[in-house]
Amino acid sequence: MIGKITKGSDFNSLLRYIESKPDAQYLGGNMLGTTREEFSQAFHLVSRRSNRVKFPVAHISLSPHPDEKLSTIQVLQFAQTYLNKIGCSECQWVLYSHNDTTTEEGKVRSHFHIVVNRVQMTNGLTVSSWMDWKRSERTLRELEKQYNLTPVTPSWDSEKQAPSTGQERRRRRETFQYERGLRLSPPEKPIKQRLQETIDQFTSIPLTLPNLIKQLTTVGVNVRISANDSGNLTGISYGFKGLAFKGSRLGKAYTLMGLQKYRNVSYDSSRDYLPIQQLCNSKTPPSDSTSTNSTQVSSTQWQRTQFVATVLKNLLASQKTNCLKGRNYQATLKAGQLSLIHLPSNTEIMRAKSSENAWEPLTAFLSDQHIMDFQEIHSQLAQLNQSKPTKNNSFVEL
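Conventions adopted
Residues numbered from 1 in each chain as written. Predicted model: local features only at pLDDT ≥ 70, side-chain atom pairs only at ≥ 80, totals over all residues. Heavy atoms only, no water. Phe/Tyr/Trp six-rings, centres within 6.5 Å; stacked < 30°, edge-to-face > 60°. Helix = DSSP H or I, 4+ residues; strand = E, 2+ residues; numbered from the N terminus. Expected span 1.5 Å × (residues − 1). Buried < 20%, exposed > 50% of the residue type's maximum accessible area, 1.4 Å probe, protein only. Contact = heavy atoms within 4.5 Å. Pairing = 2+ DSSP bridges. Salt bridge = Lys/Arg side-chain N within 4 Å of Asp/Glu carboxyl O. Axes fitted to C-alpha atoms, helices over the stretch in contact; angles between N-to-C directions. 1 Å grid on protein atoms, 1.4 Å probe; cavity = no way out; pocket = protein on both sides within 12 Å on 5 of 7 lines; lining within 4 Å. Points joined across faces, edges and corners; volume = space filled by probe spheres on them. Polar contact = N/O pair within 3.5 Å; in protein donor to acceptor, adjacent residues only side chain to side chain.

Description of the packing of aromatic side chains
Stage number 1. Counting across every chain of the model gives 5 aromatic pairs.
Stage number 2. Counting every residue linked through ring pairs, the aromatic cluster contains Tyr26, Phe39 and Tyr96.

Written out as structure tokens, the structure reads:
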């Protein structure tokens, strides 16, 4: 059973729309009366009891599998149980059936419309709409088992989310027009579907997450990765043709975990974190961002830059050089700017400009591991300064 919930403010317009279909049939509900006018008046009498609700109308569409034939009694029982479970047991509702849609194979697909007053009859309180789509999906999965109906995968658990009902109807309408010469060009796929197919194309072979981001950029897809200062990635979103999609809105295969599980994408934090940060520039500066440069960094990165840059300046001074290269890092001081490159990933993780009282971060992607490394370097420098320099102890490894 596929379900969809939308909210509105006009009972009469919704009822008029539902009853306008040639095959519309009123099946029942918990209200007196049989006409649109009677239902609309009764809905308004109760909805007026709440002065705060802007959208008292809940329009619920339920669509069973095309092969399932439910009797009127079964549909009414299903609707009543469903409404009870999603918190609408004290709400007015009426139920209609439609038979105006077909599958791609031409089968008639019966579906049902429930008009619900979100303002409860007993106390005038409004049923919360927060996460109602998820409550609906969970309830439908429970009732599929209870009524022995063909199960449907929840939308949030689908590897690839399908186009919406409206998008599918538009595609069929435009296909019909094109095949009969009423349209010059074939219908375009929805942007969401084109984005899914683009990602699928690039992930048909194994690749790393930074490489996927690079390839998507070449075809106009802007990828943003959310991450914290510890190097943990927390989310992914895609921008395409002026629209933005969270990974979860495309399907679970397009989330960070899903790309790795279902789409041949690998991620290794020690190898990929820094390149991803540079590719996506995903750091969002907080309101107390200290940098005045156009490339702002978070306050945490600003503080880390002060520490690392100070250690590096002291290290370069102790070695009497402006450039130092070790196993993991390469530091260069030139024209008042200090650059630090992480050699395993060949990525500049910090660039800072010397000012009177502090280091101004121009680039900063310093993780917890980097700070631990420079705490060790700082400790070695302190020991070196306390002892008499010799050939064996006068060098600190970067």
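Comments concerning helix 11 (residues 299-319)
Stage number 1. With 21 residues, helix 11 ought to run about 30 Å at 1.5 Å a step, and its terminal C-alpha atoms sit 30 Å apart, in line with that.
Stage number 2. Residues of helix 11 that are buried: Ser299, Gln301, Arg304, Thr305, Gln306, Val308, Ala309, Val311, Leu312, Leu315, Leu316 and Gln319.
Stage number 3. Against the buried residues of helix 11 lie strand 11 (323-325), strand 12 (329-334), strand 13 (337-342), strand 14 (347-354), strand 15 (359-364) and helix 12 (368-386).
Stage number 4. A positive phi of about 55° marks Lys320, the residue just after helix 11.

Considerations on unusual backbone geometry
Stage number 1. Residues other than glycine seldom take positive phi values, yet Asn264 does so here, at roughly 60°.
Stage number 2. Its place among the elements puts Asn264 in the loop between helix 9 (256-262) and strand 10 (265-266).
Stage number 3. We classify Asn264 as partly exposed; its relative accessible area is 40%.
Stage number 4. Positive phi, normally seen in glycine, also occurs at Lys320, with a value near 55°.
Stage number 5. Secondary-structure assignment places Lys320 in the loop between helix 11 and strand 11.

Some details on the pairing of strand 13
Consecutive side chains along a regular strand alternate between the two faces of the sheet.
Stage number 1. Inspection of the sheet shows strand 12 paired to strand 13 by 6 bridges, in the antiparallel sense. For Tyr329, the partnering residue across the bridge sits in strand 13 and is His342.

Concerning the pattern of salt bridges
Stage number 1. All told, the structure shown has 16 salt bridges when counted by the stated rule.
Stage number 2. Glu197 is the salt-bridge partner of Lys189, the closest N and O atoms lying 3.1 Å from each other.
Stage number 3. Using a relative accessible area of 41% as the deciding quantity, one classes Lys189 as partly exposed.
Stage number 4. The shortest N-O distance in the salt bridge between Glu348 and Arg351 comes to 2.9 Å.
Stage number 5. A relative accessible area of 28% places Arg351 in the partly exposed class.
Stage number 6. When salt bridges that share partners are traced, they join Glu19, Arg36 and Glu37 into one network.

Topic: the sheet that holds strand 15
Stage number 1. In spatial order, the strands read 11-12-13-14-15; together these 5 strands make up an open sheet with antiparallel pairing. Here the strands that pair on one side only, and so sit at the sheet edges, are strand 11 and strand 15. Across the sheet, the axes of successive neighbouring strands diverge by a mean angle of 15°, strand direction being ignored.
Stage number 2. Where strand 14 meets strand 15, 5 bridges bridge the pair, whose relative direction is antiparallel. Considered in strand 15, the bridge of Lys353 is made with Glu360.
Stage number 3. Sitting on the sheet, helix 11 is in contact with strand 11, strand 12, strand 13, strand 14 and strand 15, with an inclination near 105° to strand 15.
Stage number 4. Taken strand by strand, helix 12 contacts strand 12, strand 13 and strand 14, and its axis lies near 75° from that of strand 12.

Let's talk about the environment of Glu174
Stage number 1. Of note, Glu174 is situated in helix 5 (residues 165-179).
Stage number 2. On a C-alpha basis, the gap between Glu174 and Ser185 in space is 9.0 Å, while along the polypeptide they are 11 residues apart.
Stage number 3. With sequence-adjacent residues up to four places away left out, Glu174 is seen in contact with Arg183, Pro187 and Glu188.

Thoughts on empty space enclosed by the protein
Stage number 1. Following the criterion strictly, the structure yields 3 cavities of 30 Å³ or more and no others.
Stage number 2. Of the voids in this model, the largest cavity is the one considered here, and its volume is about 100 Å³.
Stage number 3. The wall of the largest cavity is formed by Ile5, Lys7, Ala58, Ile60, Ile86, Cys88, Arg118, Val127, Ser128, Ser129, Asp132 and Arg135.
Stage number 4. Residue assignment for the lining of the largest cavity shows that the elements contributing at least two residues are strand 1 (2-8), strand 3 (57-63) and helix 4 (132-146).

Concerning the sheet that holds strand 8 (residues 233-240)
Stage number 1. Across the sheet, which stays open at both edges, the 3 strands sit in the order 7-8-9 with antiparallel pairing between neighbours. Whereas interior strands pair on both sides, the edge strands pair on one side only; in this sheet they are strand 7 (222-227) and strand 9 (243-246). Looking at each pair of strands side by side, their axes are set apart by 25° on average, direction ignored.
Stage number 2. Against the sheet, helix 6 (residues 191-202) engages strand 8 and strand 9, with an angle of about 120° to strand 8.

Side note on the side chain of Gln306
Stage number 1. Mapped onto the elements of the fold, Gln306 is located in helix 11.
Stage number 2. Aside from chain neighbours lying at most four places away, what touches Gln306 is Ala358, Trp359 and Pro361.

What to know about the environment of Lys246
Stage number 1. Tracing the backbone shows Lys246 in strand 9.
Stage number 2. Looking at Lys246, the relative accessible area reads 58%, which means it is exposed.
Stage number 3. Sequence spacing of Lys246 and Thr150 is 96 residues, and the spatial spacing of their C-alpha atoms is 29 Å.
Stage number 4. Filtering out sequence-adjacent residues up to four positions away, Lys246 remains in contact with Ile236 and Ser237.

Observations regarding the side chain of Ser339
Stage number 1. For Ser339, the position within the fold is in strand 13.
Stage number 2. Taking relative accessible area as the criterion, Ser339 reaches 8% and is therefore assigned buried.
Stage number 3. Looking at Ser339, its side chain comes within polar contact range of the side chain of Glu348, at 2.7 Å.
Stage number 4. Not counting residues up to four positions away in its chain, the partners in contact with Ser339 are Gln330, Ala331, Thr332, Glu348, Met350 and Arg351.

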